[in-house]
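Observations on the model geometry
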Number of protein chains: 2
Amino acid sequence: MKLEMICTGEEILAGQIVDTNAAWLGNALLEQGFEMQRRSTVGDRLADLVEVFKERSQHADIILVNGGLGPTADDLSAQAMADAMGVSLQQNQHWLSVLEQWFSSRGTLLSKSNLKQTMLPEGAIMVDNPVGTACGFRVKLNRAWLFFTPGVPSEFKQMVQQQFIPFVEQQAVQKQRVSVTKLLTLGMGESTMAQLLESLQWPEGVTLGYRSYSPYLELKLICRNVSAADQQAALLQAQQLLNDTIVAHNQPCLAAEVHSLLVDSGQTLAIAESLTGGEISSQLVAFAGSSRYLQHAVVSYCNLAKTELLKVSEKTISDYSEVSMACVAQMLTGASAALGSGQMTDYAVATSGIAGPSGGSAENPVGTVVIGVKVASAVYCQKILIAGDRGRAYIRDLSVAVALDMLRRAILKTLVVADYSYIKRLESQQFAVAERSSKL
Amino acid sequence: MKLEMICTGEEILAGQIVDTNAAWLGNALLEQGFEMQRRSTVGDRLADLVEVFKERSQHADIILVNGGLGPTADDLSAQAMADAMGVSLQQNQHWLSVLEQWFSSRGTLLSKSNLKQTMLPEGAIMVDNPVGTACGFRVKLNRAWLFFTPGVPSEFKQMVQQQFIPFVEQQAVQKQRVSVTKLLTLGMGESTMAQLLESLQWPEGVTLGYRSYSPYLELKLICRNVSAADQQAALLQAQQLLNDTIVAHNQPCLAAEVHSLLVDSGQTLAIAESLTGGEISSQLVAFAGSSRYLQHAVVSYCNLAKTELLKVSEKTISDYSEVSMACVAQMLTGASAALGSGQMTDYAVATSGIAGPSGGSAENPVGTVVIGVKVASAVYCQKILIAGDRGRAYIRDLSVAVALDMLRRAILKTLVVADYSYIKRLESQQFAVAERSSKL
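Keep in mind the model is a prediction, meaning the values are calculated, not measured.

Thoughts on the sheet that holds strand β9 (residues 178-186) of chain B
Residues and elements named next belong to chain B. In space, the 4 strands of this open sheet follow the order β10-β11-β9-β12, with antiparallel pairing throughout. Two strands lie at the open edges of the sheet, namely β10 (206-213) and β12 (246-249), each paired on one side alone. With direction set aside, neighbouring strand axes in the sheet form an average angle of 25 degrees. Each of β10 and β11 (216-224) touches helix α8 (residues 190-198); the most contacted strand, β10, lies at about 170 degrees to it.

Right, here's the structure in full:
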């Protein structure tokens, strides 16, 4: 069975908007054991739409069409499909009554532009949309079923899950058993990883996939009709090879992994961010339940904020600068103790550095970053140098990644300061919180 | 001239990665006056690649192919193109010597997997890649030039800008004069906006486009061969209609607008975030130069952080709860004065609310958010209710948007508490910082 997708919309073709619906659909289908063969993206021009519907309907069995069902003049999917079939548009009476109810329950009248959303190609089978004003529909042309869905992501996703995937399952003669295991890694380059992994034998049906989303690299083990034992063997082999670079297993991101470790730990966290400007905090707070461990974060962007809010000593900053191991160690203890009452948080994480493009010096060029973690009575700090030509966003993203990974390692009671192959470490130290000293 | 793009890679087709290169290219071309006609996305299967190259080369004049030039086994673009042309792969001697130098300057040897990157279809014209190990190339098949580019975004972008766009310009017989003006809005729904705008006459050649990226809605005025006077008239007409909902003009996001206003103002900012967890701060710190105005941000996630770090009184929290106008007003003054020495920052912004899915109460259901801004000696606060069923991420995103918009309005000395059509305001107040009272 050949499965395709057609994405419509000038804003997608012209790059005004990134097509997250397409990525989401690919994922959702793969998890159900279906693979797409092709995706075609066209704009809003009627002729282009008609052409792509006619053409792809000769190659595919099922085509999901996304977008162009809205109320505005550039929403032309229904018209184009009618033209491709050589039929006219007809008002769908059921959807008309649904919309009339929807608007009257909100105290407004059905507008002319919304009325357009009740017009479907003659013979189309309406598909319900319980959360929006655009109904879906499906029609048969040549060898294909074309299944039309709205572009609004929440409406699209609900329609795919409740109606499209069941439809595909019903049409599918045989279904593959596909499972995907994801290992998120930090610190190994793609060609190194590929060379390591591809030199080995893998069980039949196992394919390796790489997803690079800077600075992380995700390895996917895609298993098609593979026995549970072989899946397990493949996973073990990958884990042994990637070993210490693995930072999460089947998690969407490292912050999700750290979040769940912190929730499980029942312990508390304080954050002090200079360089990363609140991003570590924001990534954790994205998950419900973060209030169980996060007490506070301080974005100590100017030096006065470091001395006033985090009790970093002015002498430390003048002697060693704010991008120093000594300063970050004090930021950690300061953040950890900031809420007074003699209590310290169980964990703390802190960053300070030069994100650039200006602000670098001979001593601390752009890309110099100090990252530290406090756990129980110990503080771990490292000073690293990230190539300054990678840009401000990369320097911040990589700093957030290393900070979260150090925190993850601290919670797991494993080596906190790890080696990342492409990061140059300038210095690292471990202090006891009371005395503050002892070189690693 | 027909321009198309072919995106390759299982990870893009299957949705493991969102195709940001495609969006970026569409934008970059449009800004140069070129429009793409279609984008086709296929996986890594050799047969699918060969088929799409053969097929699209019969319809387009120039096709940019992205991805599949890497060192790993699933990188098959060169092989597939050779198969489509019925030729074999040949080693490119020039690229071989470039790679040998590249690796020897890094003290390593050229690996077997990188050697694969020197093999191009017979007759291909090599395209230099100054920042990576994958060279590009171009070949002619049927009516089309196929132009191959690497998938790594930084390498891709550089090759497009330095080589692909000049190539397109050289091939183009006539070029449209296209200009795009973007108005970022907050607070008006898409169908309302469309109905308002589409009821008007627009100069010939002006097309309206909408880009919804929650919670913002961007209006694009796309002008093809339109005189400067008509462009100006169209812009004025749009501005008059959208009026107060416009939050930025030709900026990528609201944070960019607020950042540049703050830099220009020469004034200082303090941030206190509870609900939004550091996201306001992080969005501003993303821009170089934020240290010129941002003193600090406090993510006061637990109540003790509010009382200790921001000097919110315990009685305020026990009398009114932490999601109250009184609490946020104290967060603002506390943040503003947090660095001691009697000095307050010029501006402050603060948020507190219930992001859910749990934590709501009868008094403050999920989606209740209080947002405040301090400017000079006045504090403006509003309490809003965001539909809780829109989810945690939406509640946070919309809160960040409203907070940034209130700050923008305060800097521009315009009405700080504005109406957003789809946000329910429960309460709003203006306090003088000294006395703290006086209902709006």
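Alright, that's what it looks like, and here's the rest.
Examining the interface of chain B and chain A
Counting residues at the interface gives 70 residues for chain B, matched by 71 residues for chain A. It is helix α2 (residues 20-31) of chain B that provides the largest number of residues to the side of chain B that touches chain A, a total of 8 residues. Along the lines of polarity and charge, the residues of the side of chain B that touches chain A split into 32 nonpolar, 24 polar and 14 charged. Looking at chain direction, strand β14 (residues 294-299) of chain A and strand β14 (residues 294-299) of chain B are connected through 3 bridges and run antiparallel. Looking across to β14 of chain B, one finds that V298 of chain A is bridged to V298 of chain B.

Looking at the pairing of strand β16 (residues 368-375) of chain A
Residues and elements named next belong to chain A. Counting buried residues along β16, 8 of its 8 residues qualify, which places the element largely inside the surrounding structure. Residues T368, V370, G372 and K374 of β16 are buried on one face, and the alternating residues V369, I371, V373 and V375, pointing to the opposite face, are buried as well. Pairing analysis gives 7 bridges linking strand β15 (residues 347-353) to β16, with the strands arranged antiparallel. Paired with G353 across the strands is V369, a residue of β16. Alignment of β16 against strand β17 (residues 378-385), held across 8 bridges, turns out to be antiparallel. Paired with V373 across the strands is Y380, a residue of β17.

Comments concerning the domain arrangement of chain A
Residues and elements named next belong to chain A. As far as domains go, chain A holds domain 1 (3-171), domain 2 (178-249) and domain 3 (254-432). Taking the mean C-alpha position of each, domain 2 and domain 3 sit 30 Å from one another. Listed by partner, the interface residues are 12 residues for domain 2 and 13 residues for domain 3. If you list the elements that add at least two residues to the side of domain 2 that touches domain 3, you get β9 (178-186) and β12 (246-249). Of the residues that constitute the side of domain 2 that touches domain 3, the class distribution is 7 nonpolar, 4 polar and 1 charged.

A short note on the relation of the copies chain B and chain A
After a rotation of 180 degrees and a shift along the axis of 0.0 Å, chain B superposes on chain A with an RMSD of 0.1 Å. Here the two chains are linked by the operation of a two-fold rotation axis. Comparing interface residues between copies, 99% of those in chain B also lie at the interface in chain A; the contact surface is shared.

Remarks on the confidence of the model for chain A
Do not read the predicted coordinates in detail wherever pLDDT is low. Residue and element names in this part refer to chain A. Predicted confidence across chain A gives a mean pLDDT of 91, with 97% of residues reaching 70 or more. The low-confidence segment residues 435-440 (pLDDT under 50) makes 10 contacts with residues lying over four places distant or belonging to another chain. Our summary of model confidence lists the complex with pTM equal to 0.82 and ipTM equal to 0.81.

Some words on helix α3 (residues 46-56) of chain A
Residue and element names in this part refer to chain A. Of all the positions in α3, only L49, V52, F53 and R56 are classed as buried. Seen from one end, α3 has its buried residues packed into an arc of 100 degrees, which puts them on one side. Looking at α3, the residues exposed on the side facing more than 90 degrees away from the buried face are L46 and A47. Among the structural elements, β1 (3-8), β2 (38-42), β3 (62-66), α4 (77-85), β7 (136-141) and β8 (144-149) are those in contact with the buried residues of α3.

Overview of the environment of V98 of chain A
Residue and element names in this part refer to chain A. Looking at where V98 falls in the secondary structure, it is placed in helix α5 (residues 93-105). A count of 18 C-beta atoms within 10 Å places V98 in the partly exposed class. Spatially, the C-alpha atom of V98 lies 60 Å from that of S341, the residues being 243 residues apart in sequence.

Some remarks on the packing of helix α10 (residues 254-265) of chain B against helix α15 (residues 392-411) of chain B
All names here are of chain B. Running from N to C, α10 and α15 point in directions that differ by 30 degrees, and their axes come no closer than 10 Å. Judged on the interaxial angle alone, α15 and α10 are roughly parallel. As for how α10 packs across α15, the hand of that crossing is left-handed. Contacts between α10 and α15 involve L254, A255, E257, V258, L261, L262 and S265 from the former and A401, L404, D405, L407, R408 and I411 from the latter. Class assignment of the residues belonging to the contact of α10 with α15 gives a composition of 9 nonpolar, 1 polar and 3 charged.

What about the sheet that holds strand β10 (residues 206-213) of chain A?
Residues and elements named next belong to chain A. Read from one edge to the other, the open sheet built from 4 strands follows the order β10-β11-β9-β12, with strand pairing classed as antiparallel. Two strands close off the open sheet at either side, each with one partner strand: β10 and β12. Averaged over neighbouring strand pairs, the angle between their axes works out to 25 degrees when direction is ignored. Two elements, β10 and strand β11 (residues 216-224), share 8 bridges in a ladder whose sense is antiparallel. Across the sheet, residue G209 finds its bridge partner in β11, namely K220. With respect to the sheet, helix α10 (residues 254-265) is in contact with β9, β11 and β12, its orientation differing from that of β12 by roughly 75 degrees.

About the criteria used
- Residues numbered from 1 in each chain as written.
- Chains lettered and ligands numbered in written order.
- Predicted model: local features only at pLDDT ≥ 70, side-chain atom pairs only at ≥ 80, totals over all residues.
- Pairing = 2+ DSSP bridges.
- Helix = DSSP H or I, 4+ residues; strand = E, 2+ residues; numbered from the N terminus.
- Axes fitted to C-alpha atoms, helices over the stretch in contact; angles between N-to-C directions.
- Contact = placed C-beta atoms within 7 Å.
- Nonpolar A, V, L, I, M, F, W, Y, C, P; charged D, E, K, R; others polar.
- Buried ≥ 20, exposed ≤ 12 C-beta atoms within 10 Å, placed from the backbone.
- Domains from an automatic or database assignment.
- Least-squares fit on C-alpha atoms with pLDDT ≥ 70 in both.
- pLDDT = per-residue confidence, 0-100.
- Arc of directions from axis to C-beta.
- Parallel < 35°, antiparallel > 145°, perpendicular 65-115°, else oblique.
- Left-handed = near helix turned anticlockwise from the far one by under 90°.

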